[in-house]
Amino acid sequence: GDSVTQMEGPVTLSEEAFLTINCTYTATGYPSLFWYVQYPGEGLQLLLKATKADDKGSNKGFEATYRKETTSFHLEKGSVQVSDSAVYFCARNYGGSQGNLIFGKGTKLSVKP
Amino acid sequence: NAGVTQTPKFQVLKTGQSMTLQCAQDMNHNSMYWYRQDPGMGLRLIYYSASEGTTDKGEVPNGYNVSRLNKREFSLRLESAAPSQTSVYFCASSEFGGRGTDTQYFGPGTRLTVL
């Protein structure tokens, strides 16, 4: 069935380091792709999204590009901050107009000062 | 705007007890969702309501029931709680469930422990 696979954590980085969190998805349909972030003790909130191939989503210095040829949507940030410490979830919808989401298992990021 | 609110924040039940988790949104969204979050499993959809008056099963509906009380409120009921239902439960809403590009907005979660 449809699925999302993201790199396992935890990931520990020093402040100002470069971040990449890999995400791949099953290629059925034409899904929209999302990155959600969960800060400690809170619910998830949308970080960025892309709705068609080659779209780039960006927010708060984070970026991800919808790569249809590699079925990937990797999250990147050039210089992480301590405040970026959180769990990051990659997700896709079921395709087309279907709004339900399939989530990856999440990647915990810890940034040390 | 409060966004999506959930009650209670924490709950401890004994096996076999019942309870209802409450969720409300004030964004006039049409679609609402219930997820559970377990360590190493990501979020899994329990039930969803694409619009007022409709509900459908998600990936893991067994042991749960839902009610879309009105456009604002969507409750999740555990009729006979089991230890396997120990989890963190999140409610979410989106403007139109039938639009695949829509953002889902999440509540703060309910941490449930079943002994």
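**With respect to the overall build of chain B**
Per the secondary structure count, chain B includes zero helices and eleven strands. Taken from the N to the C terminus, the helices and strands of chain B come in the order β-β-β-β-β-β-β-β-β-β-β. Over its C-alpha atoms chain B spans a radius of gyration of 13 Å, differing by no more than 12% from the 13 Å that the globule rule assigns to 115 residues. Seen along its three principal axes, the alpha-carbon backbone of chain B occupies a region of about 40 × 25 × 25 Å. Counting the 115 residues in chain B, one finds 50% classified as buried. Within chain B, contacts between residues separated by at least 24 positions form 56% of all contacts whose residues are at least 6 apart in sequence.

**Here's the deal with the sheet that holds strand β9 (residues 75-77) of chain A**
Residues and elements named next belong to chain A. Pairing in this open sheet of four strands is antiparallel, and the strands run β3-β9-β8-β7 from one edge to the other. Two strands close off the open sheet at either side, each with one partner strand: β3 (19-21) and β7 (56-59). The mean angle between the axes of side-by-side strands here comes to 15°, regardless of whether they run parallel or antiparallel. Of the pairings in the sheet, the one linking strand β8 (residues 62-65) to β9 comprises three bridges and is antiparallel in character. When the bridges of β9 are listed, Glu-63 appears paired with Glu-76.

**Digging into the environment of A:Lys52**
Residues and elements named next belong to chain A. Inspection of the secondary structure puts Lys-52 in the loop between β6 (44-50) and β7. When its relative accessible area of 52% is taken as the criterion, Lys-52 is described as exposed. A C-alpha to C-alpha distance of 7.5 Å links Lys-52 and Tyr-30, two positions 22 residues apart in sequence.

**Brief notes about the pattern of salt bridges**
All names here are of chain A. A complete count under the given rule lists six salt bridges over all chains for this structure. Residue Asp-55 pairs with Lys-52 through a salt bridge whose shortest N-O separation is 3.3 Å. Overall, Asp-55 belongs to the partly exposed group, its relative accessible area being 21%. Where Lys-77 meets Asp-84, a salt bridge forms, and the shortest distance between an N and an O atom there is 2.7 Å. Here Lys-77 matches Asp-84 in class, with each residue buried.

**A few points about the interface of chain B and chain A**
Taken together, the contact between chain B and chain A spans 21 residues of the former and 22 residues of the latter. When chain B packs against chain A, close to 1,600 Å² is buried across both sides, 51% of that on carbon and sulfur atoms. Counting the contacts that link chain B with chain A gives zero salt bridges. If you list the elements that add at least two residues to the side of chain B that touches chain A, you get β4 (31-38) and β5 (42-49) of chain B. When residues in the side of chain B that touches chain A are grouped by element, the largest group, four residues, is from β5(B).

What counts as what
- Residues numbered from 1 in each chain as written.
- Chains lettered and ligands numbered in written order.
- Predicted model: local features only at pLDDT ≥ 70, side-chain atom pairs only at ≥ 80, totals over all residues.
- Heavy atoms only, no water.
- Helix = DSSP H or I, 4+ residues; strand = E, 2+ residues; numbered from the N terminus.
- Rg over C-alpha atoms; globule rule 2.2 N^0.38 Å.
- Buried < 20%, exposed > 50% of the residue type's maximum accessible area, 1.4 Å probe, protein only.
- Contact = heavy atoms within 4.5 Å.
- Pairing = 2+ DSSP bridges.
- Axes fitted to C-alpha atoms, helices over the stretch in contact; angles between N-to-C directions.
- Salt bridge = Lys/Arg side-chain N within 4 Å of Asp/Glu carboxyl O.
- Buried area = accessible area lost by both parts, 1.4 Å probe.

Any functional reading would require information beyond the geometric quantities listed.
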